[in-house]
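A look at the structure
For reference, the chains in residue letters:
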Amino acid sequence: MDIEILDPATADFEEFVELQREAFKAVTGTSALDVLMGTLHSVKHFQRKYLAPAGKAKIVAVREDGKLLAVNAMVPETLRHEHGTTIGWQSCDTATHPDARGRGLFKTCVTALREQLTDGEVFFGYPNANSMPGFAKFGWVTRGMLDAYVAPLPSFFKDQTIAQISSFDARFDEFATRMIQPGTVCIERSAAYLNWRYFSHADSPYSAFAYTKHGRLDGFIVVRTLPLKTGDACVILEVFGITPEIEVALLHAARRWASGERAWPTLVFSNCWGERTWLRHGFIRLPRRVSPRQLVLMGTGVGVAGRQVLDLEWRAHVGDWDVF
């Protein structure tokens, strides 16, 4: 058995995509969401995804007699907290060929990636129900659950300080440091990160709105439509404002945009409101047993410094999830 550590320049993405499709063909098409996620299994998508602003992804490939049996990747992202920044590596795109399951290749992949990390870094991700037990055996701990909130009706409230934008400029670099709260950590929302995440390809499904007052950026929100069985819904990928009032205005803007797209209800997946919040800003928390997708944030820190960052309070939104 051969184990390779690759990067975007050395990986064969045609082969990579073929394995991804083979590994997940049994579940693709079971819902509108699965069909949409299946479209992400393309060479262009992975080439773009694995060249992140924080650096190049690392990909582990396991072969036997030349045949690709399993892959796993991790993408570097800058984590911002009150003491500065830390490199976090987000685990993603785990896949094992159906003929090779039950042979411990998941453990092989995660072990190989873990060996690439250095002291002070963080290894994290959003494992699905099948891989959560495996990550737990590697010492990953749960750091948050992204609860689902729904606003069943659109909004017609209009705020002149909110305008739609087509890219993220240098103002977002300054805002990324200003939005950090003591004792918290999140993926740094720099202009480079946000443009890579949302506007790095011509067919981007995302729309973004900025809250600007007296020439200063004080908040933003990112949205998209998503097909569900009952029709299109609006999903808020992330929302950040300097004050709760600004976030409320941005949430109204998202629901107003949704009405123009004929996409409702509007959904938020986040841990920022807390699991005990049942009603906030017109959004009702869905019981976890009926949530469209369980999003569990897990991770491990490398060394004392890495564990200290991991133990901070994470501010996470569904936009952090590597699948979208």
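Structure: above.
The rules behind the values
- Residues numbered from 1 in each chain as written.
- Predicted model: local features only at pLDDT ≥ 70, side-chain atom pairs only at ≥ 80, totals over all residues.
- Heavy atoms only, no water.
- Helix = DSSP H or I, 4+ residues; strand = E, 2+ residues; numbered from the N terminus.
- Rg over C-alpha atoms; globule rule 2.2 N^0.38 Å.
- Buried < 20%, exposed > 50% of the residue type's maximum accessible area, 1.4 Å probe, protein only.
- Contact = heavy atoms within 4.5 Å.
- Areas by Shrake-Rupley, 256 points an atom, 1.4 Å probe, with all protein chains shown as cover.
- Lys, Arg positive; Asp, Glu negative; His and termini not counted.
- Charge placed at Lys NZ, Arg CZ, Asp CG, Glu CD.
- Salt bridge = Lys/Arg side-chain N within 4 Å of Asp/Glu carboxyl O.
- Phe/Tyr/Trp six-rings, centres within 6.5 Å; stacked < 30°, edge-to-face > 60°.
- Core = buried A, V, L, I, M, F, W, Y, C linked by side-chain atoms within 4.5 Å.
- Patch = residues over 30% accessible without salt bridge, like charges linked within 9 Å, V, L, I, M, F, W, Y side chains within 5 Å.
- Pairing = 2+ DSSP bridges.
- Arc of directions from axis to C-beta.

1. A closer look at the overall build of the protein chain
Looking only at helices and strands, the protein chain has nine helices and 18 strands in total. What you see for the protein chain is a C-alpha radius of gyration of 20 Å, in line with the 20 Å of a compact globule of 324 residues. A total of 324 residues make up the protein chain; the buried ones form 52% of that total. Counting contacts in the protein chain only where the partners sit at least 6 residues apart, residues at least 24 apart contribute 73% of the total. As displayed, the protein chain offers around 14800 Å² of accessible surface, 52% of which is attributable to carbon and sulfur atoms. Computed over 36 positive and 36 negative side-chain charges, the inter-centroid distance for the protein chain is 6 Å.

2. Quick word on the pattern of salt bridges
Here the structure, examined in full by the defined rule, presents 15 salt bridges. Asp-169 is the salt-bridge partner of Arg-171, the closest N and O atoms lying 3.0 Å from each other. Overall, the relative accessible area of 33% leaves Asp-169 in the partly exposed class. Beyond isolated ion pairs, a larger network of salt bridges with shared partners links Asp-147, Glu-275, Arg-285 and Arg-288.

3. What to know about the packing of aromatic side chains
Each aromatic ring pair is summarised here by two numbers: the centre-to-centre distance and the angle between the ring planes. A complete count under the given rule lists 19 aromatic pairs for this structure. Note on Phe-46 and Tyr-50: the rings are 5.7 Å apart at their centroids and 40° apart in plane angle, and the pair reads as tilted. Here Tyr-50 falls in the buried class, since its relative accessible area comes to 0%. Between Phe-124 and Trp-314, the aromatic rings sit 5.3 Å apart at their centres with planes inclined by 45°, giving tilted as the arrangement. With Phe-124 in strand β7 (residues 122-125) and Trp-314 in strand β18 (residues 313-314), this residue pair connects regions lying 190 residues apart in the sequence. The same class applies to Phe-124 as to Trp-314, namely buried.

4. Things to note about the nonpolar core
Grouped together as the largest cluster of nonpolar side chains are 63 residues, with contacts concentrated most on Tyr-50, Phe-168 and Phe-172. In this structure, Tyr-50 is in contact with Pro-8, Phe-13, Phe-16, Gly-55, Lys-56, Ala-57, Ile-59, Ala-73, Val-75, Cys-92 and Asp-93, ignoring residues within four places of it in sequence.

5. Describing a nonpolar patch on the surface
Among the surface-exposed residues, Trp-278, Leu-279 and Ile-284 lie close enough to one another that they form a single nonpolar patch of about 340 Å² accessible area. In this structure, Trp-278 sits in the loop between β14 (266-270) and β15 (279-280).

6. Structural notes on the pairing of strand β4 (residues 58-64)
Within β4, five of the seven residues are buried, leaving the element largely enclosed by the surrounding structure. One ladder, built from five bridges, connects strand β1 (residues 2-6) with β4; its direction is antiparallel. Of the residues in β4, the one forming a bridge with Ile-5 is Val-60. Once β4 ends, the chain turns through two residues before running back antiparallel as strand β5 (residues 67-81), passing Asp-65 with a positive phi of about 55°.

7. Quick look at helix α6 (residues 171-178)
Every buried residue of α6 is accounted for by Phe-172, Phe-175 and Ala-176. Seen end-on, α6 carries its buried residues on one side only, within an arc spanning 110°. The inward-facing, buried residues of α6 abut β5, β9 (162-165), α7 (191-198), β11 (206-213), β12 (216-228) and β13 (231-241).

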